[in-house]
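# Analysis of the macromolecular model
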Amino acid sequence: MLTPPSDTHPEKGIVTQLRGYLAQLDLPEDGRLPPERELSAALGVSRTELRKALDVLEAEGQLWRHVGKGTFMGSRPLDTFADIAALARRSNPAEVMRARIVMEPEIARAAAFTATPADIAEMRMCLARSRQAETWRQYETWDTRLHRTIAEASQNTLLLGLFDTLNAVRRAVTWGRLRTDPVKPHADHHSFAEHEAIVEAIEHRDIAAAAAAMRTHLQTVERKLLDRQ
């Protein structure tokens, strides 16, 4: 069998290696990836090989690029950052939570119908990593990734795009100092059990329970958010 030319088909091994590296990376709130020179050095590949692997993930909707600003995990939420900023200026944390409560239970319902074993494995990995988090930022990275994995599992491009847009607005809205202590979630943090219930329902193809579990979780988050404010 002939090996495809490397200039048109990046080796699958590099793409797999990149996926694994990004999965364990503690990214900032905006999901920005490290510069290409850092990524290529960390992976031990050339910049050209790295770019081809990034092209694959971008084509899959796993990341997106903004000229002059960098590469970001997730799909491009809106045409420009100005759109996100404009929405964020007109919104607030309570409004964002209400939008999530409307949208994400239905995403979980769809995911319960279409999730693959690979999707479930990714969700389980997010659950484990969130419990192992040493800081709130690490926890929130894995929390965001879990919710996006559920959106990906819906296998609905439009729902995923709407989720990414809402998530981008959520990050841009001024939330204030909502975390004061401790430095990381307690072992009995409400989200751990609630996330587990969501994933269990999706895994068992229980569409009603998946939607209900997601709604319960987000209503708890909303209540605690408003209490802190």
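Residues numbered from 1 in each chain as written. Predicted model: local features only at pLDDT ≥ 70, side-chain atom pairs only at ≥ 80, totals over all residues. Heavy atoms only, no water.

### Observations regarding helix α2 (residues 36–43)
Burial in α2 covers these residues: Leu39, Ser40 and Leu43. The arc that holds every buried residue of α2, seen down its axis, measures 95°, which confines them to one face. Facing away from the buried side of α2 by more than 90 degrees, the exposed set consists of Arg37 and Ala41. Buried positions along α2 lie against α1 (12–24) and α3 (47–59). (Buried < 20%, exposed > 50% of the residue type's maximum accessible area, 1.4 Å probe, protein only. Helix = DSSP H or I, 4+ residues; strand = E, 2+ residues; numbered from the N terminus. Arc of directions from axis to C-beta. Contact = heavy atoms within 4.5 Å.)

### Considering the pairing of strand β2 (residues 70–73)
Pairing geometry for strand β1 (residues 63–66) and β2, over 4 bridges, is antiparallel. Residue leucine 63 lies in a different strand from β2, and its bridge partner there is methionine 73. Joining the antiparallel neighbours β1 and β2 is a turn of 3 residues, in which glycine 68 adopts a positive phi near 85°. (Pairing = 2+ DSSP bridges.)

### Details of the nonpolar core
Met123, Leu146, Ile150 and Ile202 are the most contacted members of the largest nonpolar core, which has 35 residues in total. A per-element tally of this core places helix α5 (residues 93–114) first, with 8 residues. Residues within four places of methionine 123 in sequence aside, it is in contact with Ala115, Leu146, Thr149, Ile150, Ala153, Val199 and Ile202. Of all hydrophobic cores here, the second largest spans 15 residues; its members include Ile14, Leu18, Leu57 and Leu63. (Core = buried A, V, L, I, M, F, W, Y, C linked by side-chain atoms within 4.5 Å.)

### Digging into the packing of aromatic side chains
Taken as a whole, this structure holds 3 aromatic pairs when the rule is applied. Centre to centre, the rings of tryptophan 64 and phenylalanine 72 are 5.0 Å apart; their planes meet at 25°, and the pair counts as stacked. A centroid spacing of 6.0 Å and a plane angle of 85° characterise the contact between tyrosine 139 and phenylalanine 192, whose relative ring orientation is edge-to-face. Remark: phenylalanine 192 occurs in helix α9 (residues 190–203) and tyrosine 139 occurs in helix α7 (residues 136–153); sequence separation between them is 53 residues. A single burial state applies to tyrosine 139 and to phenylalanine 192, both of which are buried. Three or more aromatic residues link up through ring pairs in this structure, and these residues are Trp136, Tyr139 and Phe192. (Phe/Tyr/Trp six-rings, centres within 6.5 Å; stacked < 30°, edge-to-face > 60°.)

### Some points on the confidence of the model for the protein chain
Looking at the protein chain, pLDDT values average 85 and 87% of them are 70 or higher. Ignoring residues within four places in sequence, the model shows residues 1–8, a span with pLDDT below 50, making 3 contacts including any to other chains. (pLDDT = per-residue confidence, 0-100.)

### Quick notes on the packing of α5 against helix α8 (residues 157–172)
The contact between α5 and α8 brings their axes to 11 Å, and the two run at 155°. With respect to their mutual orientation, α5 and α8 come out roughly antiparallel. For the pair α5 and α8, the crossing hand works out as left-handed. The segment α5 lies against α8, with Val96, Ala99, Arg100, Met103, Glu104 and Ile107 engaging Leu159, Leu162, Phe163, Leu166, Val169 and Arg170. Here the residues of the contact of α5 with α8 sort into 9 nonpolar, no polar and 3 charged. (Axes fitted to C-alpha atoms, helices over the stretch in contact; angles between N-to-C directions. Parallel < 35°, antiparallel > 145°, perpendicular 65-115°, else oblique. Left-handed = near helix turned anticlockwise from the far one by under 90°. Nonpolar A, V, L, I, M, F, W, Y, C, P; charged D, E, K, R; others polar.)

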